[in-house]
Structure formats: C-alpha cells, structure tokens
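Residue strings, one per chain:
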Amino acid sequence: MELQILIKVVWLYFCVQIVSGDLCLNPFLHEHNSSLNDYVKELANSPGTANWMVRIRRGIHMNPELAFEEFNTSSLVRLELEKMGVPYRWPVAKTGIVATIGSGDPPFVALRADMDALPIQELREWEYKSQVDGKMHACGHDAHVAMLLGAARILQQLRNYLLGTVVVIFQPAEESGEGAKEMIKEGVVDKISAILGLHTVHMYPSGTVGSRPGKFLAGCGSFKAVIKGKGGHASAPHDSIDPILAASTSIISLQNIVSREIDPLDSQVVSVTMIRGGGSALNVIPESATICGTFRAFGRESFYALRNRIQEVIKGQAAVHRCTADIEFDGKEHPTLPPTINDDKIYKHVERVSKMVVGEENTILTPTFMGSEDFAVYLERVAGSFLLLGVGNEKVGSVYPPHSPYYTIDEDVLPIGASIHAIFAFSYLLHLNGHCLHPNVNDMYSSYV
C-alpha cells in the first residue's frame, strides 16, 4: 500500500511539473528531470533489491550450465518472475524465457540478458565457487541475469505507468553463438521497436558505463577448407596432385587480403589457425589437406565481403594447383556472428540514461573492440544498443578478463545495471509515444528527427 501511495505521489509530481511547463516527460531529455531516476535508483539500491540480486547472482554462479543446458537457471528465473506476478513464455529456444511487463500492447521495447556458462574449471577460491566441475560463469552472465531480474522487479512496480510493453528476454547459448538466432526464429523480436543489451567488463572501473554509436564490436566468422588433390608417393610428385602445396599458397594469399586489398582505416583480421594434412608417413603425399581460421571486421558490408574474398582466394589457389576446395563458413562449433552496430538514436538515449544513473564523468565513449557478441544478431533485425558496464575493482579481485578461471565481478554494480535497464525501457516507451511536453521540445528532439 505504501509503495502504491509513493508511486502516485511521484506521478502526481510529474503531472504538476508538466502543467507548469518545467519538465519533459521523457526523462533523459531534460537535465532537471530527476524524479524517475531517483525513484528507480532508490528501488534498485534498497537492501531488499540489492541483496536479492546478489543472492540470485551467487546462486547462478554456483550452478553454471552450458549452452542450451540452462534448465536450473531457467527454473530459478521463472520462479522469481512468478513471485513478482510477471507473465512469461517458456520454453523459448529450448531453455529461454520471454517475459512481458506493462500494457501488453504496442509499442514494445526489449531488454536482454544471456544465461549460459563456459566449460572452464573455476580456480578462484571463495564461498560461492562453482559446484560443477569443468563449468564456470567466467563471462558475467550470472550477473547479467541478476541485473535483468532486478530491472523486471522495478518495472513491475511501475507497470501501470508504462506506455506500452517491456519484453524481458533471458537468452540461452550466447557463448556458442546460437542463442540469439534461435530466439529470433521463435519470433521474440518480431514486434520490437528497440532493444538494449549489457555486458560487464573488467577493463573499466566499477560503475563506469561505456559504449559508442555505430560500429562497436567486430563480426566474427570462421572457415574450414578441405582442399582435395590426388595422393601418391613423395618420390613421384608428378603422379600426384599435391593438396599440401595448394594449402600452403592459400595461406600465404589469405594474408594478402588485409595487407594489400583492405583500406588500412577499415580494421579487419584474417588468421589461419590450423593446418592438417596427411598421416604419420613422411613419404606420402596425402589425398587432402585442411586449413581452418577466423576472420573479423567492423562493418556489415566489409564483414561479408571479407568472407566472400576468403572463399575466392582458397578456391582460386586450389584451382591453380589442380585441386578442388570445399569451404564451410557456418560450423556449429564457431558460428558466424555479425558486427555489433549500435543505432545512433538509441545509443544517444542510452548515453543520457547512463549519465542520469552514474553521472557524466562515469559515462565514456569507448573505442571499438575486436571481440564479438551474439547480441549483434538482434541488431540486424531491430534498432538497439549494446553497452559495457565496468566491474574493475582490485579490492574484490575483479581484474581478470572474461574466460579466465579467476574471473569475478564487483557485485556493487548490480543496482546500476538494473537501473539503466529499467529507466531505458520506461523512458523509451515514453519517447515512442511522443510524450514530451517541454516548451523546447523541437530543439531537444532535433537529434532524433
């Protein structure tokens, strides 16, 4: 009852400010509009919510599950959603969950967290260490789930004032690169107008938030080429068609793509990382040779052009040496992930929300990174933005990079992530409904229209 009264008081304050012409209802557009920000941060930092998120994160950390095996994690999320009274759809993409908060009607804004762990043995000794041999949350997904549940808890308390619907996505299998694709196949983002994703990073101090407009994270693809020739005795190479020679010239020619064909200002990478051919006999030319590698680029056009050029080079070199080549780009172990490209308008919105939550001094413009994220798959379908939340803190040991067996986070950032999620969703729904009544709205919206 007290919470309902508080919400009504806050909303009444909004109405009074609107009548007086002093406030834009879209919270991120006006520097003096702090009511929503303060209220959400108060909820997120309250002991009941902050400590609850820590417990959620630690419970998930102790019971890590790999891609498409997140059954216990999914069960925990569903239980918490049921306690909140939040409706959800399950199973989606085998273990995923899609919850909805608000009116149930358009517009729809989505928030996403990944749930899967990694096949890594945790080496850090602490009370909540992984209880599963060979599996560990070494990339912060346990924290991502906890923060998104925190945001759901806040938004559920504000549900009567959401001008639309927030779609809360708990996604499996980010680490395998397949989760987002499978969620999309099940229609998760079909009606979505905007989507936000977040990842913890050790390289920035705790409480720092960073992102950038446009090209952000590189797309990542892999290739496996089987070059086929004709085997024979090494003493009579003229009677054979040597796939080792064709593989060798292919490797050298692949290095020329980036060094001689690509604009130096358009960062791209091609690396051959494995060569396999022949058996143990040193005097036999094998029937085939296999080369494998990876490629990365920041622009979608550049990424797919690089992929096509890799195919052309390998097939061309194989043909020169009278061989054939079969090339696979979408291997199950290393599926292709497109570049992560933030929508400029939504990036600006998220930037303003971030400044509201952590302050302008802790909101930074990051460089581009060669790392990849399957959140990029959503961004090929829906306008959205991806941001990084710093967890670097030497005092708690949060200094190790993702996928380290010593990886950990500073749990004090959990309320920050929950707040950013919640304020983004609430305020962007207002934006989509055109609810901005400030007298300078035309000037303030100039960057959006």
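Computed from a predicted model, the values in this text were never measured in an experiment.

### Observations concerning the side chain of Asp116
- Inspection of the secondary structure assignment puts Asp116 in the loop between β3 (108–114) and α5 (141–157).
- Among buried charged residues, Asp116 stands out as having no salt bridge; its nearest opposite-charge side chain is Arg112, 7.1 Å away.
- Among the polar contacts listed, one links the side chain of Asp116 to the backbone nitrogen of Glu175, at a separation of 2.8 Å.

### Overview of helix α11 (residues 414–432)
- Helix length check: α11 (19 residues) gives 27 Å between terminal C-alpha atoms against 27 Å at 1.5 Å per residue, within 8%.
- Burial of α11 is extensive: 18 of the 19 residues sit out of reach of the surface.
- Directly after α11, the chain includes Gly434, whose backbone phi takes a positive value near 70°.

### Some points on the environment of Glu182
- Mapped onto the elements of the fold, Glu182 is located in helix α6 (residues 179–185).
- Sequence-wise, Glu182 and Val92 are 90 residues apart; in three dimensions their C-alpha atoms are separated by 8.3 Å.
- When sequence neighbours within four positions are dropped, the list of residues in contact with Glu182 reads Phe68 and Ala93.

### Quick look at the sheet that holds strand β6 (residues 209–211)
- Pairing is mixed in the open sheet, where eight strands are placed in the order β1-β2-β4-β3-β5-β16-β6-β15. Each end of this open sheet is capped by a strand with a single partner; those strands are β1 (88–92) and β15 (363–365). Averaged over all adjacent pairs, the angle separating strand axes in this sheet is 25°, with direction ignored.
- As defined by bridge partners, strand β5 (residues 192–205) adjoins strand β16 (residues 384–392) across eight bridges and the pair is classed as parallel. Looking at β16, one finds that Val201 is bridged to Gly390.
- Where helix α9 (residues 344–358) meets the sheet, it contacts β5, β6, β15 and β16, and its direction lies at approximately 30° from that of β16.

### Things to note about the confidence of the model for the protein chain
- With 88% of its residues at a pLDDT of 70 or more, the protein chain shows a mean pLDDT of 89.
- In this model residues 8–33 is a low-confidence stretch, pLDDT under 50, and it forms 57 contacts with partners more than four residues away in sequence or in other chains.

### Focus: the pattern of salt bridges
- Evaluated as defined, the whole model comprises 16 salt bridges.
- Between Lys83 and Glu80 there is a salt bridge, and its shortest N-O distance comes to 3.6 Å. With Lys83 and Glu80 both in helix α4 (residues 71–84), this residue pair falls three residues apart, about one helical turn.
- A relative accessible area of 10% places Glu80 in the buried class.
- Sharing partners across several salt bridges, the network here consists of Arg57, Arg58, Asp142 and Glu411.

### Points about the sheet that holds strand β8 (residues 219–228)
- Ordered in space as β10-β12-β8-β13, the four strands form an open sheet in which the pairing is antiparallel. With one partner strand each, in any of the chains shown, β10 (268–277) and β13 (324–328) form the two edges of the open sheet. Here the strands of the sheet are splayed against their neighbours by 20° on average, with no regard to which way each runs.
- For β8 and strand β12 (residues 288–297), the ladder comprises ten bridges, and the chain directions are antiparallel. The residue bridging Ser222 from the neighbouring strand is Thr294, located in β12.
- Helix-sheet contacts for helix α7 (residues 243–261) involve β8, β10 and β12, and the interaxial angle to β10 is about 170°.

Each value, and the rule that gives it
- Residues numbered from 1 in each chain as written.
- Predicted model: local features only at pLDDT ≥ 70, side-chain atom pairs only at ≥ 80, totals over all residues.
- Heavy atoms only, no water.
- Helix = DSSP H or I, 4+ residues; strand = E, 2+ residues; numbered from the N terminus.
- Buried < 20%, exposed > 50% of the residue type's maximum accessible area, 1.4 Å probe, protein only.
- Lys, Arg positive; Asp, Glu negative; His and termini not counted.
- Salt bridge = Lys/Arg side-chain N within 4 Å of Asp/Glu carboxyl O.
- Polar contact = N/O pair within 3.5 Å; in protein donor to acceptor, adjacent residues only side chain to side chain.
- Expected span 1.5 Å × (residues − 1).
- Contact = heavy atoms within 4.5 Å.
- Pairing = 2+ DSSP bridges.
- Axes fitted to C-alpha atoms, helices over the stretch in contact; angles between N-to-C directions.
- pLDDT = per-residue confidence, 0-100.

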